[in-house]
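The chain contents come next:
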Amino acid sequence: MARFWVCVAVSWRAEEILYRLDVGWPKHPEYFTGATFCAAVDSLNGLVYIAQRGDNIPKILVFTEDGYFLRAWNYTVDTPHGIFAASTQYEQFVWITDVGSGFYGHTVKKYSSFGDLVQVLGTPGKKGTGLNPLQFDNPAELYVEDTGDIYIVDGDGGLNNRLIKLSKDFMILWLHGENGTGPAKFNIPHSVTLDSAGRVWVADRGNKRIQVFDKDTGEWLGAWNNCFTEEGPSAVRFTPDGKYLIVAQLNLSRLSVVAAPPVGSIGECSVISTIQLADQVLPHLLEVDRKTGAVYVAEIGAKQVQKYVPLNSYVPPFGS
């Protein structure tokens, strides 16, 4: 397996290495038997969830953060697209967006760590645009706050181009839901994340930009257009210290480390460094461990998940 390094040039032309590829993760890559679409990290319990697609294979794989395989499950999972671990000290849960055309498709589902189905949002097996009851069409990804509030980007090429915020009781708090190129309009909203300043960041893939919103009001705060002229972003996640946004571009097979703006400003996108992967690796979605800062990249072309470790061993907790 080839090694990839992230470097950033400083004023006196030296280079600082930011990440290294953990070539020993996972311990048993033979469990990757399909196209790996997404990864989630339960940093409280040291677990990594990976969702893959294929016929007659386990769809969900569970590893330790050290790379040891624990278990796999498949119950009620049709065609996974996005995944997010939302655990507490007492409970371990994982959410999955399902874009399948079968009985369990077009839904956002909550599972226990062992695959027990806990909650279903949407109308299973039926795509739609409705809000009461809430319907999805190819929901791409979600992000769950520690408060239980949920942010969903709905529309990986389907009927919808929406960003929806739900309460922990699954009531709609606000949404933006029009297709278009203007502010708060989307063309394939593909990934969503939050920063510690209360801002929601959306990878507006088809419009080749990242849009930013206030998490409480849904107010549009601005957009980054200048970094993605070649291809739109497919995944967005912040580092635990909040200093950088890690962005994936699928067809370019590229990861970018982007400087996060200060509170009260969106400014312009500024790429600090990049990881150029091999052709056709195709990084689809990614997750950052909120405790260690490790980056897990789901590569649908290479059919694997790779782990990048920050060389700075101490990473302050998210939101500190």
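The shown structure was predicted, so the numbers you read here are calculated from the model rather than taken from an experiment. (Residues numbered from 1 in each chain as written. Predicted model: local features only at pLDDT ≥ 70, side-chain atom pairs only at ≥ 80, totals over all residues. Heavy atoms only, no water.)

Trainee: Whenever I open this one, the pattern of salt bridges confuses me. Can you help?
Mentor: Two side chains with opposite charge may pair up if their charged atoms get near one another. Counted according to the given criterion, the structure contains eleven salt bridges. The closest approach of N and O atoms between arginine 290 and aspartate 146, which form a salt bridge, is 3.2 Å. Residue arginine 290 is found in the loop between strand 25 (283–288) and strand 26 (295–299), and its partner aspartate 146 is found in the loop between strand 11 (139–144) and strand 12 (150–154); the two are separated by 144 residues along the sequence. Accessibility expressed as a relative area gives 28% for arginine 290, which makes it partly exposed. (Salt bridge = Lys/Arg side-chain N within 4 Å of Asp/Glu carboxyl O. Helix = DSSP H or I, 4+ residues; strand = E, 2+ residues; numbered from the N terminus. Buried < 20%, exposed > 50% of the residue type's maximum accessible area, 1.4 Å probe, protein only.)

Trainee: How do you make sense of the confidence of the model for the chain when you look at a structure like this?
Mentor: Parts of the prediction with low pLDDT should not have their coordinates interpreted in detail. The predicted model of the chain has a mean per-residue pLDDT of 92, with 92% of residues at 70 or higher. In this model residues 1–15 is a low-confidence stretch, pLDDT under 50, and it forms 39 contacts with partners more than four residues away in sequence or in other chains. Scored below 50 in pLDDT, residues 314–320 makes 18 contacts in the model with residues more than four places away or belonging to other chains. (pLDDT = per-residue confidence, 0-100. Contact = heavy atoms within 4.5 Å.)

Trainee: Is there a simple way to explain the nonpolar core in this structure?
Mentor: Across soluble globular proteins, nonpolar side chains have a tendency to be buried as a group. By size, the foremost hydrophobic cluster in this structure holds 36 residues, and its most contacted members are Tyr49, Trp73, Ile83, Leu286, Val295 and Tyr308. Ranked by residue count, the leading element in this core is strand 3 (residues 35–42), at four residues. Counting 25 residues, the second-largest nonpolar core is a separate cluster that includes Phe136, Val153, Val192 and Val202. (Core = buried A, V, L, I, M, F, W, Y, C linked by side-chain atoms within 4.5 Å.)

Trainee: Can you walk me through the sheet that holds strand 13 (residues 162–166) in this structure?
Mentor: In a beta sheet, neighbouring strands are held together by backbone hydrogen bonds and run either parallel or antiparallel to one another. As summarised here, the arrangement of the four strands in space is 11-12-13-14, forming an open sheet in which the pairing is antiparallel. Looking at the sheet topology across the chains shown, the edges are occupied by strand 11 and strand 14 (172–176). Strand-to-strand twist in this sheet, taken as the mean axis angle between neighbours without regard to direction, amounts to 15 degrees. Pairing analysis gives five bridges linking strand 12 to strand 13, with the strands arranged antiparallel. Looking at the pairing, valine 153 lines up with leucine 163 of strand 13. (Pairing = 2+ DSSP bridges. Axes fitted to C-alpha atoms, helices over the stretch in contact; angles between N-to-C directions.)

Trainee: Help me understand the state of the cysteines in this model?
Mentor: Two cysteines, two sulfur atoms, one covalent bond between them: this is a disulfide. This structure, assessed with the given rule, holds one disulfide. Linked covalently through their sulfurs, cysteine 227 and cysteine 269 form a disulfide whose S-S length is 2.0 Å. In this structure, the disulfide formed by cysteine 227 and cysteine 269 twists by about -110 degrees around the S-S bond and is classed as left-handed. Of this pair, cysteine 227 sits in the loop between strand 20 (220–224) and strand 21 (235–238) while cysteine 269 sits in the loop between strand 23 (254–259) and strand 24 (271–276); the two residues are 42 residues apart in sequence, bridging distant segments of the chain. Classification of cysteine 269 by relative accessible area gives buried; the value is 6%. (Disulfide = S-S within 2.5 Å.)

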